[in-house]
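Below are the chains, spelled out letter by letter.
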Amino acid sequence: QVQLVESGGGLVQAGDSLRLSCAASERTFSWYAMAWFRQAPGKEREFVAAINYSGGSTSYTDSVKGRFTISRDNAKNTVYLQMNSLNSEDTAAYYCAQAESGNIVRTISAAWKYWGQGTQVTVSS
């Protein structure tokens, strides 16, 4: 069973930056695509960003393009989400997820197999 553990969330002000981390437990981390999703209160979980197994391909939802950057360090079994210019609409619980393939096939939540417990990001305006 794969375990994903997120960290780095917190309370920040609008315009600030945060970096989220997600550490994976398994040695085959480098084989699989990884993603970040988020869920705000009363809303459905939504795709934020994804990265393929090597880090050579990424995908972002439109609302975070130019502000967020997903990256990975396969030597550390860790995926990151650098979030800049945060605003109140970014307030949500952020979850990392692992795919069953190395490439980014689909960005709907049902296509991702393993999930972390989430880390809360709250942006005050």
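See above for the structure.
Residues numbered from 1 in each chain as written. Predicted model: local features only at pLDDT ≥ 70, side-chain atom pairs only at ≥ 80, totals over all residues. Heavy atoms only, no water.

> Mind showing me how you'd approach the nonpolar core here?
With 28 residues, the main nonpolar core has Trp36, Leu81, Met83 and Tyr94 as its most contacted residues. When residues in this core are grouped by element, the largest group, 4 residues, is from strand 3 (residues 18-24). Grouped together as the second largest cluster of nonpolar side chains are 8 residues, Ala33, Phe37, Ala50 and Ala97 included. (Core = buried A, V, L, I, M, F, W, Y, C linked by side-chain atoms within 4.5 Å. Buried < 20%, exposed > 50% of the residue type's maximum accessible area, 1.4 Å probe, protein only. Helix = DSSP H or I, 4+ residues; strand = E, 2+ residues; numbered from the N terminus.)

> Would you mind showing me how to read the sheet that holds strand 8 (residues 78-83) here?
What holds strands together in a sheet is hydrogen bonding between their backbones, with the strands either parallel or antiparallel. The 4 strands lie next to each other as 1-3-8-7, forming an open sheet whose pairing is antiparallel. Each of the sheet's edge strands pairs with one partner strand only, and the pair in question is strand 1 (4-7) and strand 7 (68-73). Each strand of the sheet is rotated relative to its neighbour by a mean of 15°, with strand direction disregarded. One ladder, built from 6 bridges, connects strand 7 with strand 8; its direction is antiparallel. Residue Asp73 lies in a different strand from strand 8, and its bridge partner there is Thr78. (Pairing = 2+ DSSP bridges. Axes fitted to C-alpha atoms, helices over the stretch in contact; angles between N-to-C directions.)

> Would you explain the state of the cysteines in this entry?
Here a disulfide denotes one covalent bond, and it connects the sulfur atoms of two cysteines. Counted according to the given criterion, the structure contains 1 disulfide. Between the sulfur atoms of Cys22 and its disulfide mate Cys96 the distance is 1.9 Å. Here Cys22 and Cys96 share a disulfide; its torsion about the S-S bond, 45°, makes the bridge right-handed. Residue Cys22 is located in strand 3, and its partner Cys96 is located in strand 9 (residues 92-98); the two are separated by 74 residues in the primary sequence. Residue Cys96 is classed as buried on the basis of its relative accessible area of 0%. (Disulfide = S-S within 2.5 Å.)

> What is the right way to read unusual backbone geometry from this model?
Phi is mostly negative for residues that are not glycine, and the peptide bonds are mostly trans. Although it is not a glycine, Asn77 sits at a positive phi angle of roughly 55°. Its place among the elements puts Asn77 in the loop between strand 7 and strand 8. Although it is not a glycine, Ser85 adopts a positive phi angle of roughly 50°. Here Ser85 lies in the loop between strand 8 and strand 9.

> Hey, could you run me through the side chain of Asp90 in this one?
With respect to the helices and strands, Asp90 occurs in the loop between strand 8 and strand 9. Assessed through its relative accessible area of 1%, Asp90 is described here as buried. For Asp90, the contacting residues outside a window of four places in its chain are Arg38, Arg67, Phe68, Ser85, Val121 and Val123. (Contact = heavy atoms within 4.5 Å.)

> Honestly, the pairing of strand 3 in this entry has me stumped. Any pointers?
On a regular strand, each side chain points to the face opposite its neighbour's, so the side chains alternate between the two faces of the sheet. Of all 7 residues in strand 3, 5 are buried; the element is thus mostly enclosed. Pairing geometry for strand 1 and strand 3, over 4 bridges, is antiparallel. Across the sheet, residue Glu6 finds its bridge partner in strand 3, namely Cys22. Bridge analysis of strand 3 against strand 8 gives 6 bridges, and the strand direction is antiparallel. What sits directly across from Leu20, in strand 8, is Leu81.

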